[in-house]
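Listed below, chain by chain, are the residues.
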Number of protein chains: 2
Amino acid sequence: MSELRKDPVTGDWVIISPERARRPTDFVKEAANVPGSPGACPFCPGNESMTPPEVLTLPERTPADGAGWQVRVVPNKFPAVEAVKALSGSAGGLFERLDGLGAHEVIIETPDHGATLAALPESAIESVLQAYQARARELQSDKRFPYVLIFKNHGSEAGATLEHGHSQLIALPLVPRRVQEELEGARAYFSRRGRCVYCEIIEKERAAGKRVVLENEDFIALAPYASRFPWEIWLLPRRHRSRFEEASESERAGLARALKGALAALNKRLSNPPYNLVVHSAPHGEASDDDYHWHVEVMPSLSRVGGFEWGTGVHINSIPPEEVARNLRELKDLRPGDRSPKAKPEDA
Amino acid sequence: MSELRKDPVTGDWVIISPERARRPTDFVKEAANVPGSPGACPFCPGNESMTPPEVLTLPERTPADGAGWQVRVVPNKFPAVEAVKALSGSAGGLFERLDGLGAHEVIIETPDHGATLAALPESAIESVLQAYQARARELQSDKRFPYVLIFKNHGSEAGATLEHGHSQLIALPLVPRRVQEELEGARAYFSRRGRCVYCEIIEKERAAGKRVVLENEDFIALAPYASRFPWEIWLLPRRHRSRFEEASESERAGLARALKGALAALNKRLSNPPYNLVVHSAPHGEASDDDYHWHVEVMPSLSRVGGFEWGTGVHINSIPPEEVARNLRELKDLRPGDRSPKAKPEDA
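**Student:** Please give an account of the overall build of chain A that cites residues and values.
**Tutor:** A tally of regular secondary structure across chain A gives six helices and 15 strands. Excluding contacts between residues fewer than 6 apart, the proportion of contacts in chain A whose partners are at least 24 apart in sequence is 69%.

Encoded structure:
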C-alpha cells in the first residue's frame, strides 16, 4: 500500500510507493559514465587560461590565474545569465520578458581532477563552503540580484557537463516561485505555531530517530519525511539561522563533516551515485530571520522524472525515507562523531 | 545574451540561454537504449495473462483478456496509488499523510511491440485518444478522485520502464499544486481580461506565426513562448473547451493528426527522442468552463534537470522556441493539412 505524504514546509505532496521498486524493465541499463581525457580539462591546474579570469581563490595568492590554489572561482564561460548594464524587459502583456541579468559562477572544488567532493579531506570541504559564502556575500551586496542560488550537479545524469569536481552559483534578478513557496510555507507555520518549522522538524526527528542518518554538534542529516527522490538527504544546522552566508566557522566545519559522512555513506551503498546538492537560504534583505532556517538538500539522481511529475509536481518515490536512514545508519564506517541518535541515547 | 521569459499562464519564469548549447562536455554520450526480448513483453498479444484483467479494449470484444484488441487498458501491476475502501490519513500535525488512494492504469496503444505512437496510422492514434477519454470519464465519475492525469513516457530517458508503446493514467485523491497553479493562473487572466488566456495565446501566435509548428482545422501545435525544455511543443484545440474528456470526435481526429505531425517532425530532427506527453485538463467538478482550455504538452527529455531547476523551479533552456518552430516548419514532409500559417496566409 502506497502513501501520500505532505511536505511540512511547502505543502507539496509526494507518493511513497515501495511496490514500484519491483517493476521489471526491458531497457538495458546505460553504460556508466566514462570520463574524457583530463588533459583538456579547463578546471585543471595549468589550464587556468582556459577559463574567464578568476574572481576568488583559496588560499588567496598572486599572481591571478596562476598555480597554487586549492579552490578557484571563475565566471561560467557559458553563462545562463550575466551582468548587463541596465535591465530591460517588457511587462504587462501576454509575453513578458527580462534580460538575462545575473551572475553565473563556477566553484572549482579541488585542483585534483579525479577527486570527488566526498573524497576531499574535511578541511578542503570547509574551504569549498568558505568560497560559497564569500561569493554569496559579494553577490548579495549587489541590489540587482535579489536571489543567489548555490548548487552542485555531480555526474552527467545529474546535469554536470564536466567531470572535474565543481559547484555553481547563479544570481538572479528575481526570487523564483519555488523559493517563495518554501519561504511562505515557513512563514505560515511560524504565524500559526510561533516557531520555526525546521527547528520543529529537527526536534521531532531527533526524538523519533527513525529518519536520522547522522548528526554532530552542529548538524543533523536526515532522510526527509516527504522525500521526493530515493535516497534524498537534508543537512540542517542545529542552530536556527536563516542565511547560509552567516554560518559560523564551527557550523561550516559541522556541515563539512556531516556532508562528507552522508556522501560517503551514499557512495558506499550506491557506488558513487550522481546527485544534485542545493543550498537553501533566505534571500538577502527578506525579513525571514525567525521563520526560515537555511539547510542543504542532497538529491541523488537515480530515477527518471516523467510525465506524471511534470504534470502534477507530485513525485513518486519508491524508497521510504525510514528505510534509507536505517540503511545508511547501519554502515560501520560513519565517523565516530557522526553517529545516529540511536547510538547516542543521551541526545534523544 | 540570454533572456528570462514568464509563462503567461502560471507566471513561472524560464531562462532561454542559447549560449549554453555550445558547452563542451567530457562525459561520453550514453549508449542508445537497447530493447530487451519482446517475447517476455506483458503488453504483447498472447501475453494478456501477464497483466491484471483488462478494464477496456478497443474494439470492444469477448472473451476478456483474449486476442483481437487494438488498444487495451489494464490496471498497472505496480501501482503508485490504488483503490482502497476508506481513505485514512492524519492531518493537522507536522507530518501529514493519506493512504495512497487512487487508480493507476496503463493504456497499451497497439498490439505491435515495435510501433511507436508516431508511427501508428491516424485512426489508431484516434483510438488511443478515445480510450483515454473513456477511462478519464469513468474514473472522474468516482467522487474519491478529484483529479485524473493522463500522460505518456516514451523511452527510458523519459521514465518509461517498458518499451512496448503505452500511456498511463493516474487518478488522485487531491488536485496537485502544479495543476492548481495553472488553473489559478488561467482564472486570474480571465478575471483581468475577460478572456481565456489560451484563446489569447492561440490568436496571438497565429497572427505572429513565428512559434507555430503546424495547424489543422481543429488544432494548433506551437513551441510555447516560455518553453521549459528544448523542443517542447504544445498542442491546443482551436475551440475553447475546458475538459479533454468532452472533446468531440472531430477534435480527437484533429489532435491525432497534429500529434502525428508534431511527433514525426521531432523524430525527423532528433531521431526518435525520448519524451513526456501530458494531457492538461480541468478537474471534474471545478467551475473552469470559461477560463481553462485543455491541451497537450509534449516535452522531449534531452537535457538533464539539475540542482538549479530543483532549487528554483526555473528551467534553463538552450534552444529558443522560435528556432524550434522554424526548424520543424522547414520539414517538407508535414502533411498538406498540417502546414504552418506562413504557408497558409489566408489564416494569418
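**Student:** Account for the relation of the copies chain A and chain B, naming residues and giving values.
**Tutor:** Between the two copies, chain A and chain B, the superposition gives an RMSD of 0.0 Å; the rotation angle is 180° and the shift along the axis is 0.0 Å. In short, the pair behaves as if placed about a two-fold rotation axis.

**Student:** Quick rundown of the environment of glutamate 157 of chain A? Include the residues and the values.
**Tutor:** Relative to the helices and strands, glutamate 157 of chain A is located in the loop between strand 8 (147-154) and strand 9 (166-172). Remark: the alpha-carbon pair of glutamate 157 of chain A and leucine 302 of chain A, spanning 145 residues in sequence, is separated by 8.3 Å. Not counting chain neighbours up to four residues away, the residues in contact with glutamate 157 of chain A comprise Pro274 and Ser301 of chain A together with Arg304 of chain B.

**Student:** Can you tell me about the interface of chain A and chain B, naming the residues and giving the values?
**Tutor:** Listed per partner, the contact involves 73 residues of chain A and 73 residues of chain B. Looking at the side of chain A that touches chain B, the elements with two or more residues in it are strand 1 (3-6), strand 2 (13-16), strand 6 (97-99), strand 8, helix 2 (177-193), helix 3 (197-208), strand 13 (275-280) and helix 5 (307-312) of chain A. If you tally residues by element for the side of chain A that touches chain B, the top one is helix 5 of chain A, at five residues. Of the residues in the side of chain A that touches chain B, the class split is 36 nonpolar, 16 polar and 21 charged. The pairing of strand 1 of chain A with strand 6 (residues 97-99) of chain B spans three bridges and is classified as antiparallel. Bridging from a neighbouring strand, glutamate 3 of chain A pairs with aspartate 99 of chain B of strand 6 of chain B.

**Student:** Give a description of the nonpolar core that names residues and reports values.
**Tutor:** The biggest cluster of nonpolar side chains holds 196 residues, and the ones touching the most others in it are Val213, Leu235 and Ala262 of chain A together with Val213, Leu235 and Ala262 of chain B. Looking at which domains feed residues into this core, each of domain 1 (43-81 + 98-174) and domain 2 (177-348) of chain B supplies at least three.

**Student:** Could you give an account of the sheet that holds strand 15 (residues 315-317) of chain B, naming the residues involved and the relevant values?
**Tutor:** Ordered by their spatial adjacency, five strands build an open sheet running 5(A)-6(A)-1(B)-2(B)-15(B), and the pairing between neighbours is mixed. Every other strand in the sheet has two partners, leaving strand 5 (89-90) of chain A together with strand 15 of chain B as the edge strands with one partner each.

**Student:** Quick rundown of unusual backbone geometry? Include the residues and the values.
**Tutor:** Residue and element names in this part refer to chain A. In this model, leucine 58 is joined to proline 59 through a cis peptide bond whose omega is -10°. Among the structural elements, proline 59 can be located in the loop between strand 3 (56-58) and strand 4 (71-75). The phi angle at serine 271 is positive, at roughly 45°, despite the residue not being glycine. Tracing the sequence through the fold places serine 271 in the loop between helix 4 (249-270) and strand 13.

**Student:** Outline the pairing of strand 4 (residues 71-75) of chain B, supporting the account with residue identities and numerical values.
**Tutor:** Residues and elements named next belong to chain B. With four of five residues buried, strand 4 lies mostly within the body of the structure. For strand 3 (residues 56-58) and strand 4, the ladder comprises three bridges, and the chain directions are antiparallel. Looking across to strand 4, one finds that threonine 57 is bridged to arginine 72. Relative to strand 7 (residues 103-108), strand 4 runs antiparallel, the two being bridged by four bridges. Of the residues in strand 7, the one forming a bridge with arginine 72 is isoleucine 108.

Cut-offs and rules
Residues numbered from 1 in each chain as written. Chains lettered and ligands numbered in written order. Predicted model: local features only at pLDDT ≥ 70, side-chain atom pairs only at ≥ 80, totals over all residues. Helix = DSSP H or I, 4+ residues; strand = E, 2+ residues; numbered from the N terminus. Contact = placed C-beta atoms within 7 Å. Least-squares fit on C-alpha atoms with pLDDT ≥ 70 in both. Nonpolar A, V, L, I, M, F, W, Y, C, P; charged D, E, K, R; others polar. Pairing = 2+ DSSP bridges. Core = buried A, V, L, I, M, F, W, Y, C linked by C-beta atoms within 7 Å. Buried ≥ 20, exposed ≤ 12 C-beta atoms within 10 Å, placed from the backbone. Domains from an automatic or database assignment.

The values reported here are purely geometric and, on their own, carry no functional implication.
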